[in-house]
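The lines below spell out each chain.
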Amino acid sequence: MTTAELSDTFTIGGDLPVHRLGYGAMQLPGPGVWGEPADRAAAVRVVQAAVEQGVDFIDTADSYGPEVSEQIIAEALHPYADGLVIATKAGLTRQGPGIWTPVGRPAYLKQQVELSLRHLKVDRIDLIQLHRIDPEVPLADQLGAFAELKAEGKVRHIGVSEVSVEELKAAREITEIVSVQNLYNLTNRQSQDVLDYATAEGIAFIPWFPIATGDLASPDSPVADIAREVGATPSQVALAWLLQKSPVILPIPGTKSVDHLTENLGAAGVRLSAEDMTRLDQLA
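Residues numbered from 1 in each chain as written. Predicted model: local features only at pLDDT ≥ 70, side-chain atom pairs only at ≥ 80, totals over all residues. Heavy atoms only, no water.

Q: Even after reading the chapter, I still don't get the overall build of the protein chain, so can you show me in this structure?
A: In terms of helices and strands, the protein chain carries 10 helices and 11 strands. Scaling as 2.2 N^0.38, a compact globule of 284 residues should have a C-alpha radius of gyration of about 19 Å, and the protein chain matches this with 18 Å. With the C-alpha coordinates of the protein chain rotated into their principal frame, the extents come out at 55 × 40 × 35 Å. For the protein chain, with 284 residues in total, the buried portion stands at 54%. Split by element, the accessible area of the protein chain, about 11,500 Å² in all, is 51% carbon and sulfur. Of the side chains in the protein chain, 22 bear a positive and 38 a negative charge, and the two mean positions are spaced by 2 Å. (Helix = DSSP H or I, 4+ residues; strand = E, 2+ residues; numbered from the N terminus. Rg over C-alpha atoms; globule rule 2.2 N^0.38 Å. Buried < 20%, exposed > 50% of the residue type's maximum accessible area, 1.4 Å probe, protein only. Areas by Shrake-Rupley, 256 points an atom, 1.4 Å probe, with all protein chains shown as cover. Lys, Arg positive; Asp, Glu negative; His and termini not counted. Charge placed at Lys NZ, Arg CZ, Asp CG, Glu CD.)

Spelled out as structure tokens, the structure:
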């Protein structure tokens, strides 16, 4: 059994079973999630290594690069193995490194899905997520664009990102929503109410920034004590906490290093006791 396969599975949308520990492809492009990586061959290699180690859920976005992340995934993995689920997003535009501007006009969103189909070399996007709600466009128009593409067979499932419980409920009035992707980790739980709702409703919850890089990885962090006790690294403990926090959580730690990837996926084999979970719960 490969490493990621040690994590149990969740079925996205009722028909896409994936191992819960996935891979996030945001870090593949250059600094500021902009342009080409310094070493494209290494970026391709880490994506291949993720799948070799059992990952069958990869999360990316048209705006990562832009386009660069999707193209690297296709270069690394196409033709895709059966059962590999690639989720992407549309709705954020880029004007330079580190700059992200929501655009939710239906014609734009449809264009971006068409481009993602081309860049990923697929006939249908398994999971398209609205990267951010554009406050200047009715939500029904934004999700309606995806729903039309779903009716055309170009999209299988639809998700949303960085939403409140109220926005998630509103989205579900418009079309079926199978996933929500919000910021959530050991030290930032501002989306706890969204996670609770997703858990109750059986909606996939994809926490971005799952490790809170730096804060949790340092050897003197509160997580380090538990890590030493269970024979793991702080990053592995942070991911194991997420996996045990709710059965709908699909953590997608990202990296452009194979060593880092291997460490992250090792979290699938870490088991935390009820006492460990309580201690970690108290960190927020």
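Q: Just checking my understanding: could you explain the pattern of salt bridges for this structure?
A: Scanning the model with the defined rule gives 16 salt bridges in all. Here Lys-89 and Asp-59 are joined by a salt bridge, their closest N and O atoms 2.7 Å apart. Linking Lys-89 in strand E5 (residues 85-90) with Asp-59 in strand E4 (residues 57-59), this pair joins segments that are 30 residues apart in sequence. On the accessibility criterion, Lys-89 (1% relative accessible area) is buried. (Salt bridge = Lys/Arg side-chain N within 4 Å of Asp/Glu carboxyl O.)

Q: Help me understand the layout of surface pockets, please; the structure alone is not making it clear to me.
A: To find leftover empty space, one rolls a probe the size of a water molecule over the atoms. Here the second largest pocket is characterised by a volume of approximately 220 Å³. Around the second largest pocket, the lining is made up of 14 residues, and of these Tyr-80, Leu-84, Val-85, Val-122 and Asp-126 lie nearest the centre. For the lining of the second largest pocket, the secondary-structure elements that each account for two or more residues are E5 and strand E8 (125-130). In the lining of the second largest pocket, the residues fall into nine nonpolar, one polar and four charged. (1 Å grid on protein atoms, 1.4 Å probe; cavity = no way out; pocket = protein on both sides within 12 Å on 5 of 7 lines; lining within 4 Å. Points joined across faces, edges and corners; volume = space filled by probe spheres on them. Nonpolar A, V, L, I, M, F, W, Y, C, P; charged D, E, K, R; others polar.)

Q: How should I be thinking about the packing of helix H7 (residues 222-230) against helix H10 (residues 274-281) in this particular structure?
A: When two helices pack together, their arrangement is given by the angle between their axes and by how far apart the axes lie. Closest axis-to-axis distance for the H7/H10 pair is 10 Å, and the angle between their directions is 165°. As the angle between them shows, H7 and H10 are arranged roughly antiparallel. Where H7 crosses over H10, the two elements pack in a sense that is left-handed. Across from Val-223, Asp-225, Ile-226, Glu-229 and Val-230 in H7, the residues of H10 making contact are Asp-276, Arg-279 and Leu-280. Per-class residue counts for the contact of H7 with H10 are four nonpolar, no polar and four charged. (Axes fitted to C-alpha atoms, helices over the stretch in contact; angles between N-to-C directions. Parallel < 35°, antiparallel > 145°, perpendicular 65-115°, else oblique. Left-handed = near helix turned anticlockwise from the far one by under 90°. Contact = heavy atoms within 4.5 Å.)

Q: Mind showing me how you'd approach the packing of helix H2 (residues 68-77) against helix H3 (residues 106-120) here?
A: For the pair H2 and H3, the least separation of the axes is 8 Å and the interaxial angle reads 30°. Classified by the angle between their axes, H2 and H3 sit roughly parallel to one another. Facing H2, whose interface residues are Glu-70, Gln-71, Ile-73 and Ala-74, H3 presents Ser-116, His-119 and Leu-120.

Q: Can you help me understand the environment of Ala-170 in this one?
A: By secondary structure assignment, the location of Ala-170 is in helix H5 (residues 165-174). Remark: the alpha-carbon pair of Ala-170 and Ala-140, spanning 30 residues in sequence, is separated by 8.8 Å.

Q: Mind showing me how you'd approach the packing of aromatic side chains here?
A: The relative placement of two aromatic rings is captured by the distance of their centres and the angle of their planes. In this structure the tally under the stated criterion is three aromatic pairs. Geometrically, the ring pair formed by Tyr-184 and Trp-241 is stacked, given 5.9 Å between the ring centres and 15° between the ring planes. A residue pair is termed long-range when its members are at least 10 positions apart, and Tyr-184 in the loop between strand E10 (179-181) and helix H6 (192-201) and Trp-241 in helix H8 (residues 234-245) qualify at 57 residues. Judged by relative accessible area, Tyr-184 falls into the buried class, the value being 0%. Cluster of aromatic residues (ring-pair linked, three or more members): Tyr-184, Phe-205 and Trp-241. (Phe/Tyr/Trp six-rings, centres within 6.5 Å; stacked < 30°, edge-to-face > 60°.)

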